[in-house]
Amino acid sequence: MTDLVLSESLAAARTRLAEALHAAGRPADAARLLAVSKTKPAAMIRQAWHLGQREFGENYVQEALDKQAELGDLDAIVWHFIGPLQSNKTREVAEHFAWVHSVDREKIARRLSDQRPEALGPLDICLQVNISDEASKSGITLDALPALAEAVQAMPRLRLRGLMAIPAPTEGPEAQRAPFARLREALENLREHFPEAPLDTLSMGMSDDLEAAVAEGATLVRLGTAIFGARTART
Ligand SMILES: *Cc1c(COP(=O)(O)O)cnc(C)c1O
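All figures in this text were calculated on a predicted structure; none of them were measured in a lab.

### As for the environment of threonine 219
Then comes step 1: On the secondary structure map, threonine 219 appears in the loop between helix H8 (210-215) and strand E8 (220-223).
Then comes step 2: The sequence separation of threonine 219 and leucine 33 amounts to 186 residues, and the corresponding C-alpha distance is 8.6 Å.
Then comes step 3: Excluding anything up to four places from it in sequence, threonine 219 contacts Arg26, Ala30, Ala31, Arg32, Asp200, Thr201 and Leu202.

### A closer look at empty space enclosed by the protein
Then comes step 1: For the coordinates displayed, the defined rule picks out 1 cavity of 30 Å³ or more.
Then comes step 2: Taken as a whole, the largest cavity encloses approximately 40 Å³ of empty space.
Then comes step 3: Tallied by class, the residues present in the lining of the largest cavity amount to 3 nonpolar, 3 polar and 2 charged.

### Topic: the UniProt feature "modified residue: N6-(pyridoxal phosphate)lysine" (unreviewed entry) in the protein chain
Then comes step 1: If you check UniProt for "modified residue: N6-(pyridoxal phosphate)lysine" (unreviewed entry), the listed places come out as Lys38 in our numbering.
Then comes step 2: Note that lysine 38 resides in the loop between strand E1 (32-36) and helix H2 (42-50).
Then comes step 3: In this view, lysine 38 contacts Gly57, Glu58, Asn59, Tyr60, Glu63, Lys67 and Arg231; residues no more than four positions away in its chain are not counted.

### Some words on the packing of aromatic side chains
Note on aromatic pairs: each is described by the distance of the centres and the angle between the planes.
Then comes step 1: All chains considered together, the criterion is met by 2 aromatic pairs.
Then comes step 2: Taking 6.0 Å as the distance between ring centres and 40° as the angle between the ring planes, the aromatic pair formed by phenylalanine 56 and tryptophan 79 counts as tilted. Of this pair, phenylalanine 56 sits in strand E2 (residues 55-58) while tryptophan 79 is found in strand E3 (residues 78-81), placing the two residues 23 residues apart along the sequence.
Then comes step 3: Among the residues examined, tryptophan 79 registers a relative accessible area of 8% and is labelled buried.

### Notes on the site of the ligand
Then comes step 1: Lining the immediate surroundings of the ligand are Val36, Lys38, Asn59, Ile82, Ile166, Met206, Ser207, Arg222, Leu223, Gly224, Thr225 and Arg231.
Then comes step 2: Here the ligand, which alone exposes 390 Å², has 91% of that area covered by the protein.
Then comes step 3: Taking a 2 Å distance to the grid points as the criterion, the majority of the atoms of the ligand fall inside the largest pocket.

### Some thoughts on the side chain of glutamate 55
Then comes step 1: With respect to the secondary-structure elements, glutamate 55 resides in strand E2.
Then comes step 2: Classification of glutamate 55 by relative accessible area gives buried; the value is 11%.
Then comes step 3: Separated by 2.8 Å, the side chains of glutamate 55 and histidine 80 make a polar contact.
Then comes step 4: Once you skip the residues sitting within four places of it in the chain, glutamate 55 turns out to touch Arg32, Leu33, Leu34, Ala35, Val78, His80, Trp99 and Leu220.

### Considerations on the pairing of strand E5 (residues 123-128)
Then comes step 1: The buried fraction of E5 amounts to 6 of the 6 residues, a majority that puts the element mostly inside the structure.
Then comes step 2: Side chains Leu123, Ile125 and Leu127 of E5 all project onto a buried face; the interleaved residues Asp124, Cys126 and Gln128 project onto the opposite face, where all are buried too.
Then comes step 3: Pairing geometry for strand E4 (residues 99-103) and E5, over 3 bridges, is parallel. By the bridge assignment for E5, tryptophan 99 is matched with aspartate 124.
Then comes step 4: On the question of chirality, the crossover connecting E4 to the parallel E5 by way of helix H5 (residues 106-115) is right-handed.
Then comes step 5: When E5 meets strand E6 (residues 158-164), the two strands line up parallel, connected through 6 bridges. In the sheet register, leucine 127 faces E6, and the bridge partner there is leucine 163.

### Side note on the pattern of salt bridges
As a working rule, side chains carrying opposite charge can pair if their charged atoms are close by.
Then comes step 1: One pass over the structure, following the stated rule, counts 13 salt bridges.
Then comes step 2: The shortest N-O distance in the salt bridge between arginine 46 and aspartate 73 comes to 2.9 Å. Pair noted here: arginine 46 is in helix H2 and aspartate 73 is in the loop between helix H3 (61-70) and E3, with a separation of 27 residues, a long-range link.
Then comes step 3: Judged by its relative accessible area of 26%, arginine 46 falls in the partly exposed class.

### Some words on helix H6 (residues 145-153)
Then comes step 1: If you check which residues of H6 are buried, you get Leu145, Leu148, Ala149, Ala151 and Val152. Along H6, the residues classed as buried sweep out an arc of 165° about the axis, all on the same side.
Then comes step 2: Residues of H6 that are buried in the fold lie against E4, H5, E5, E6 and helix H7 (173-193).

What counts as what
Residues numbered from 1 in each chain as written. Predicted model: local features only at pLDDT ≥ 70, side-chain atom pairs only at ≥ 80, totals over all residues. Heavy atoms only, no water. Helix = DSSP H or I, 4+ residues; strand = E, 2+ residues; numbered from the N terminus. Contact = heavy atoms within 4.5 Å. 1 Å grid on protein atoms, 1.4 Å probe; cavity = no way out; pocket = protein on both sides within 12 Å on 5 of 7 lines; lining within 4 Å. Points joined across faces, edges and corners; volume = space filled by probe spheres on them. Nonpolar A, V, L, I, M, F, W, Y, C, P; charged D, E, K, R; others polar. UniProt positions renumbered as here; feature names shortened; annotations may be inferred. Phe/Tyr/Trp six-rings, centres within 6.5 Å; stacked < 30°, edge-to-face > 60°. Buried < 20%, exposed > 50% of the residue type's maximum accessible area, 1.4 Å probe, protein only. Near = heavy atom within 4 Å. Areas by Shrake-Rupley, 256 points an atom, 1.4 Å probe, with all protein chains shown as cover. Sits in = over half its atoms within 2 Å of the grid points. Polar contact = N/O pair within 3.5 Å; in protein donor to acceptor, adjacent residues only side chain to side chain. Pairing = 2+ DSSP bridges. Right-handed = clockwise from strand over helix to strand, strands pointing away. Salt bridge = Lys/Arg side-chain N within 4 Å of Asp/Glu carboxyl O. Arc of directions from axis to C-beta.

Dropping the structure here:
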C-alpha cells in the first residue's frame, strides 16, 4: 500500500467512525480508532503515525517487539496487545505495552501485574468475553466474568478499564448488534459492582461490524483491514 492509499483509507476510517457516532447520537469523541497493524510493516505504522494515528494494536508478541524497536523515536505512540496471550509471553507484554485487551484468565492477569515494571504506570486491561458462546474461542464466559473482574480489580499493577469481544460473524445490522448489546450490559453490571473502577472502555467493532458496535456503545474500535488493507499472512 502506498502513502497515498494509506492516507485515504485512514481518512475514510475516521469518516466512517464519525458518521457511525453521529448516527448513534453519540458525541464525536465518544469512540476512538485503534489501528490494528498485525502482519503490516513498521513503515506503515510510521506513515499512520505521521497522519496523526497514535494507538496501534498488535497480536503477535515477537513481531510487535521488532516493530516497536524500529519505531522507538515516535512520541506518544500507544501500543495495545490484542491477541491471545500465553503465560511465557506475559513479561514482554507487561514491559512493552500500555494496554492488553485479551485477558481471560486470572493466572495471566496475575503474571502481568507481577511483571509490570514499577517505572511504568499500571497496565490498562480489558477482559475478553466469549460473547457468542463459541466452544473453541478465547474469552471468558459471561457467567465467570464477575469473579475474574473482582480478581483483576484487586491486582496492584493493573487497571481494569473494560471489556473486549470478537463476536461470531453474523449477517445484517440487527444480528450484529445483539452480542455487542450483551457486552455493553455486562460492562454496565461491572460498573455497578465496582463504582470506583475506571470502567470506561468497550473494545468492540472491527472492519466488518464497526457501525453495529458503535450503535451499542463501543469506545474503541479495532480496525485492521479498513486502514491497512487485506492481510496476506497469519490472519
Ligand atoms: C485482526 C484483529 C482485528 C482487526 O480486524 P479487521 O477485520 O482487519 O479490521 C481486530 N481485533 C482483533 C482482536 C484482531 O485480532
